[in-house]
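Chain by chain, the residues:
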Amino acid sequence: MSFVLSDVLSKMQMLYMSDHGSVVSMNIFVALLCACIVLGHLLEEYRWINESITALSIGLCTGVVILMFSGGKSSHLLVFSEDLFFIYLLPPIIFNAGFQVKKKQFFVNFITIVMFGAVGTLICWTIITFGAIQTFKRMGIDSLELEDYLAIGAIFAATDSVCTLQVLNQDETPLLYSLVFGEGVVNDATSVVLFNAIKSFDLNHIDPGVALQFVGNFLYLFIASTMLGVLTGLLSAYIIKKLYIGRHSTDREVALMMLMAYLSYMLAELCYLSGILTVFFCGIVMSHYTWHNVTESSRITTKHSFATSSFVAETFIFLYVGMDALDIEKWRFVSDSPGTSIAVSSVLLGLILTGRAAFIFPLSFLSNLTKKSPNQKISFRKQVIIWWAGLMRGAVSMALAYNQFTMSGYTQQRSSAIMITSTITVVLVSTVVFGMMTKPLIRFLVPHSKRKNSMQNMNEHVSCSSPTKSSMNVAFLDNSVYSEADTDELQRPSSLRDLLSTPTHTVHCLWRKFDNGFMRPVFGGRGFVPIAHTSPTPTQNNNNNNLS
């Protein structure tokens, strides 16, 4: 009896020590997050050192300290989990990207963005995969299978343009910011969809039928994921508009918006769709309809809540990557041949540089052929910036690499360890070295005097008919307030030739008519005054704001 009691007590003590260790780890990690925020504030004026580089540096320093105290056994506080990343950290980042996006610029350049983000990613994936197959076997890495090589292409085709976006100003360089931002989001979605499609197919029996099925599945995931995000966003707008929850509690409005956004992501994962695409377009629809149906206090709260959660999630990811870069277990597998790991990292960096150049410049040339005005075309200097912006690799690449080459955060094979350490090396080098060179490069290629005048370059992008009509200078899903008179001036294309010559402008004009005539009366949004007694009026909104 005493033996059983002592055994139970020992197990309880071990459990207590385990829980206590987890609490200590979380305390240290939260303290490190606070340190990243404080240092990011102190380094605000030196924008070549952004939050990503700060978090990576703190993670590396923390890893060194932990290695010293643990006697060289471990360098990180937490074990990386793909579920933690894809279920909890990635959704707020992508949703905030869609919620905060300048819809005017995004949809005016939508065709070019899709070309860069979808077609370009496929080209880059092809080059990286083919290059890896041709070079890795010559380096003595023989245990990788075809699925691994295809996954490597998807892993390193995923960009991280955070460094460039923190330097670019969307008011000074709207075209550049729109293209870099839009391509980054579509690229991440394409990479994840491509990665999941690779894992779901039997690649041991490849024939033309399987290839067509692969393409069809890819297109299905893209379209179905987008539609699910749009429908979820519209549902949230309809519920909040009809019930006008804010007249009783603004907290319920904010909670419903957050939960509906997260629900869209989880529904996509439940249906084996792309949660990234779903939550991104849900954010766009919510910002266009739902956000304007809530009270003013709820608008302020949601805007800052989404931005804060996205910022914390990004910092958390880069902080962990910095600590994991010194993980002894992974490096122990490649300690007998460190030159191989360095060679693999160098080859991957070269393939990334080549893959980006292989589609940025040709697709920019094709895009320029469809532009009439020189101001609408992507100059060679801007093409270089777009090429450079996609060279950084970050959180998505790390998460996909862990998903493919580790089991529960731990590496079991030498080839898998080489790929993990190479991925960490590529992320560190591209984020720190390329990221620190981003601001000087942009200052050299796009001087401030030119960026100041770039706001005038968008006037021709957003006109629906005659350039002399200033009221027509609005874009698809414009953020500015417009009057009913603007709607009356919108005209359908007079001929098929007009439709084909200015497709973006024509689609915008038709969308504006449809949006004002049907969508806004049903789902609300900016400029729409509800008629129903249960819906908010301007007076009621003011009273509610005063009370709150």
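Since we're looking at a predicted model, the values are computed, not measured. (Residues numbered from 1 in each chain as written. Predicted model: local features only at pLDDT ≥ 70, side-chain atom pairs only at ≥ 80, totals over all residues. Heavy atoms only, no water.)

*Asks:* Before we go on, may I ask you to explain the overall build of the protein in this structure?
*Replies:* Counting secondary structure elements, the protein contains 23 helices and zero strands. Taken across its 548 residues, the protein has 52% of its residues classed as buried. Of the contacts formed within the protein by residues at least 6 apart in sequence, a portion of 82% connects residues at least 24 apart. Entry remark: accessible area of the protein is about 25500 Å², with carbon and sulfur atoms responsible for 66%. (Helix = DSSP H or I, 4+ residues; strand = E, 2+ residues; numbered from the N terminus. Buried < 20%, exposed > 50% of the residue type's maximum accessible area, 1.4 Å probe, protein only. Contact = heavy atoms within 4.5 Å. Areas by Shrake-Rupley, 256 points an atom, 1.4 Å probe, with all protein chains shown as cover.)

*Asks:* Quick question: what am I supposed to make of the packing of helix α6 (residues 146-157) against helix α16 (residues 395-405) here?
*Replies:* Two quantities define a packed helix pair, namely the angle between the axes and the distance from one axis to the other. Packing of α6 against α16 leaves a shortest axis separation of 9 Å and a crossing angle of 165°. Our classification of the angle between α6 and α16 gives roughly antiparallel. The element α6 and its partner α16 pack so that their crossing is right-handed. Residue-level inspection shows E147, D148, A151, I152, A154 and I155 of α6 in contact with α16, the latter providing S397, L400, A401, Q404 and F405. (Axes fitted to C-alpha atoms, helices over the stretch in contact; angles between N-to-C directions. Parallel < 35°, antiparallel > 145°, perpendicular 65-115°, else oblique. Left-handed = near helix turned anticlockwise from the far one by under 90°.)

*Asks:* Help me understand the packing of aromatic side chains, please; the structure alone is not making it clear to me.
*Replies:* Remark: the centre distance and the inter-plane angle together describe each pair of aromatic rings, the angle taken between the planes. Inspection of every chain in the model, using the stated rule, returns 14 aromatic pairs. Relative to F181, the ring of Y177 has its centre 6.2 Å away and its plane inclined at 10°; by these criteria the two rings are stacked. With Y177 and F181 both in helix α8 (residues 174-200) and four residues apart, this pair spans about one turn of that helix. Each member of the pair Y177 and F181 is classed as buried. In this structure an aromatic cluster arises from ring pairing among F95, F99, W291 and F306. Above the face of the W291 ring, R299 is positioned so that its terminal group lies 5.8 Å from the ring centre. (Phe/Tyr/Trp six-rings, centres within 6.5 Å; stacked < 30°, edge-to-face > 60°. Lys NZ or Arg CZ within 6 Å of the ring centre and 35° of its normal.)

*Asks:* Before we go on, may I ask you to explain the state of the cysteines in this structure?
*Replies:* Covalent bonding between the sulfur atoms of two cysteines is what defines a disulfide. The tally for this structure, following the rule as stated, stands at zero disulfides. In this structure C36 is a free cysteine whose sulfur lies 9.1 Å from that of C34, the closest cysteine sulfur available. (Disulfide = S-S within 2.5 Å.)

*Asks:* Would you explain the pattern of salt bridges in this entry?
*Replies:* In a structure, side chains of opposite charge can pair up when their charged atoms sit close to one another. Going through the model one piece at a time under the given rule, you end up with three salt bridges. Close ionic contact of E183 with R356 constitutes a salt bridge, the shortest N to O distance being 2.5 Å. In this pair, E183 sits in helix α8 while R356 sits in helix α14 (residues 338-369), placing the two residues 173 residues apart along the sequence. On the accessibility criterion, E183 (4% relative accessible area) is buried. The partner of D515 in a salt bridge is R520, with the nearest N and O atoms 3.2 Å apart. Taking relative accessible area as the criterion, D515 reaches 1% and is therefore assigned buried. (Salt bridge = Lys/Arg side-chain N within 4 Å of Asp/Glu carboxyl O.)

*Asks:* What am I meant to see in the packing of α8 against helix α15 (residues 380-389) here?
*Replies:* Where α8 contacts α15, the two axes come as close as 10 Å, and the packing angle between them is 30°. One finds that α8 runs roughly parallel with respect to α15. Crossing of α8 over α15 shows right-handed handedness. Residues L175, L176, L179, V180 and E183 of α8 form the contact with α15, whose own contacting residues are K382, I385, I386 and A389. Taken together, the residues of the contact of α8 with α15 break down into seven nonpolar, no polar and two charged. (Nonpolar A, V, L, I, M, F, W, Y, C, P; charged D, E, K, R; others polar.)

*Asks:* Looking at this model, I keep getting lost on the nonpolar core. Mind explaining?
*Replies:* Grouped burial of nonpolar side chains is what soluble globular proteins tend to show. Core analysis: the largest hydrophobic core is formed by 127 residues, its most contacted members being F85, F136, I152, F156, F280 and M419. In terms of residues, this core owes the most to one element, α8, which gives 15 residues. Excluding its chain neighbours within four sequence positions, the residues that come into contact with I152 are I128, A132, F136, L144, L348, F405 and M419. Within the second largest apolar cluster, seven residues are counted, among which are L234, Y289, W511 and M519. (Core = buried A, V, L, I, M, F, W, Y, C linked by side-chain atoms within 4.5 Å.)

*Asks:* What am I meant to see in unusual backbone geometry here?
*Replies:* Negative phi is the rule for most residues except glycine; trans is the rule for most peptide bonds. A positive phi angle is found at Y244, which is not glycine, with a value near 45°. With respect to the helices, strands and loops of the structure, Y244 is situated in the loop between α9 (208-243) and α10 (250-270). A relative accessible area of 2% places Y244 in the buried class. Of note, Y272 is a non-glycine position whose phi angle comes to about 60°, a positive value.

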